[in-house]
Amino acid sequence: SSALIYTRGAVTFDEGSTVNIDIKNADRYRRNTDSVIYINNGSLTLKKGAVVTVGKNSDGDLQRTLIYLNGADSKIVLAENAQLKLTNEKGLKTTNDIYMYNGGVIRINGKGAKLDIKNSGDTDYGNVYIGGAGNVFVNDGGTLIIQNKAEKENTLLYTYGSATLSFGKGANVELKGSVAG
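Keep in mind it's a predicted model, so treat the numbers as computed, not measured. (Residues numbered from 1 in each chain as written. Predicted model: local features only at pLDDT ≥ 70, side-chain atom pairs only at ≥ 80, totals over all residues. Heavy atoms only, no water.)

**Some words on the sheet that holds strand E10 (residues 96–101)**
No. 1: Reading across the sheet, the six strands line up as E1-E4-E7-E10-E13-E16 and stay open at both edges, with parallel pairing between neighbours. The open sheet has two edge strands, strand E1 (5–7) and strand E16 (157–159), and neither has a second partner. Here the strands of the sheet are splayed against their neighbours by 10° on average, with no regard to which way each runs.
No. 2: Looking at chain direction, strand E7 (residues 65–70) and E10 are connected through five bridges and run parallel. Residue pairing in the sheet places Asn 70 in a bridge with Tyr 101 of E10. (Pairing = 2+ DSSP bridges. Helix = DSSP H or I, 4+ residues; strand = E, 2+ residues; numbered from the N terminus. Axes fitted to C-alpha atoms, helices over the stretch in contact; angles between N-to-C directions.)

Below you can see the structure in the form of structure tokens.
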């Protein structure tokens, strides 16, 4: 497997950091990769105030997912005021925004912590696919936003197996889908 960021360990974006990850002409890139960020029983952590944007200025047909979590020990953690933004403003086409295979955890905890997905186009298994025993937790003022404008089908969250979605105390969730025509 290959990716722009591939980890079997820990990747941390420190407090207040800003990172933009883009792919120009994704048609060529897809032949050599499985995703933009691949977490293989590792972790991706955004500390307080960190902002990571994936895909904002990307273009082409990636035919892959933006973030792939492989295995039950894979996790994404967003701390207070941290933001993970997945978008395709320039027309990047993907199969999913986040694909959780065989478990994994996404934690959006703390005031201002936000997973913000804004996409357009059809997806194979929804914008966020949660498979196996995967878990998504939004708590303590955290925010989950998924917006998608599709051509034919529009599944924002696709759960499979014993997947869990948990919207707890102080959770803010906005799911907005539309289909053209």
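**A short note on the packing of aromatic side chains**
No. 1: What the rule picks out here adds up to five aromatic pairs.
No. 2: With centroids separated by 5.0 Å and ring planes inclined at 10°, the aromatic side chains of Tyr 38 and Tyr 68 adopt a geometry described as stacked. You can see Tyr 38 sitting in strand E4 (residues 35–40) and its partner Tyr 68 sitting in strand E7, a full 30 residues away along the chain. Take Tyr 38 and Tyr 68: they sit in the same class, and that class is buried.
No. 3: Ring centres of Tyr 99 and Tyr 129 lie 4.4 Å apart, and the angle between their planes is 15°; on these two criteria the pair is classed as stacked. (Phe/Tyr/Trp six-rings, centres within 6.5 Å; stacked < 30°, edge-to-face > 60°. Buried < 20%, exposed > 50% of the residue type's maximum accessible area, 1.4 Å probe, protein only.)

**Some thoughts on the pattern of salt bridges**
No. 1: Inspection of the entire model under this criterion finds two salt bridges.
No. 2: In this structure, Lys 118 engages Asp 116 in a salt bridge whose closest nitrogen and oxygen atoms are separated by 3.3 Å.
No. 3: Residue classification places Asp 116 among the buried positions, given a relative accessible area of 8%. (Salt bridge = Lys/Arg side-chain N within 4 Å of Asp/Glu carboxyl O.)

**What to know about the pairing of strand E15 (residues 143–150)**
No. 1: Among the eight residues of E15, six are classified as buried, and the element is accordingly described as predominantly covered.
No. 2: Across seven bridges, strand E12 (residues 114–120) lies against E15 in parallel orientation. Note that in E15 the partner of Ile 117 across the bridge is Ile 146.
No. 3: Taken together, the eight bridges between E15 and strand E18 (residues 172–179) define a ladder with parallel strand orientation. Bridging across to E18, Ala 150 finds its partner in Val 179.

**Some remarks on the sheet that holds E18**
Note: strands within a sheet are paired through backbone hydrogen bonds, in either parallel or antiparallel orientation.
No. 1: Strand order in the open sheet made by the six strands is E3-E6-E9-E12-E15-E18, with parallel pairing throughout. Of all the strands in the sheet, just strand E3 (18–21) and E18 have a single pairing partner and so form its edges. The sheet shows a mean angle of 5° between the axes of neighbouring strands, direction not considered.
No. 2: Examined bridge by bridge, strand E9 (residues 83–87) and E12 share five bridges and lie parallel to one another. Among the inter-strand pairings, Lys 85 is bridged to a residue of E12, identified as Asp 116.

**Things to note about the environment of Gly 112**
No. 1: Mapped onto the elements of the fold, Gly 112 is located in the loop between strand E11 (105–109) and E12.
No. 2: A C-alpha to C-alpha distance of 5.5 Å links Gly 112 and Glu 80, two positions 32 residues apart in sequence.

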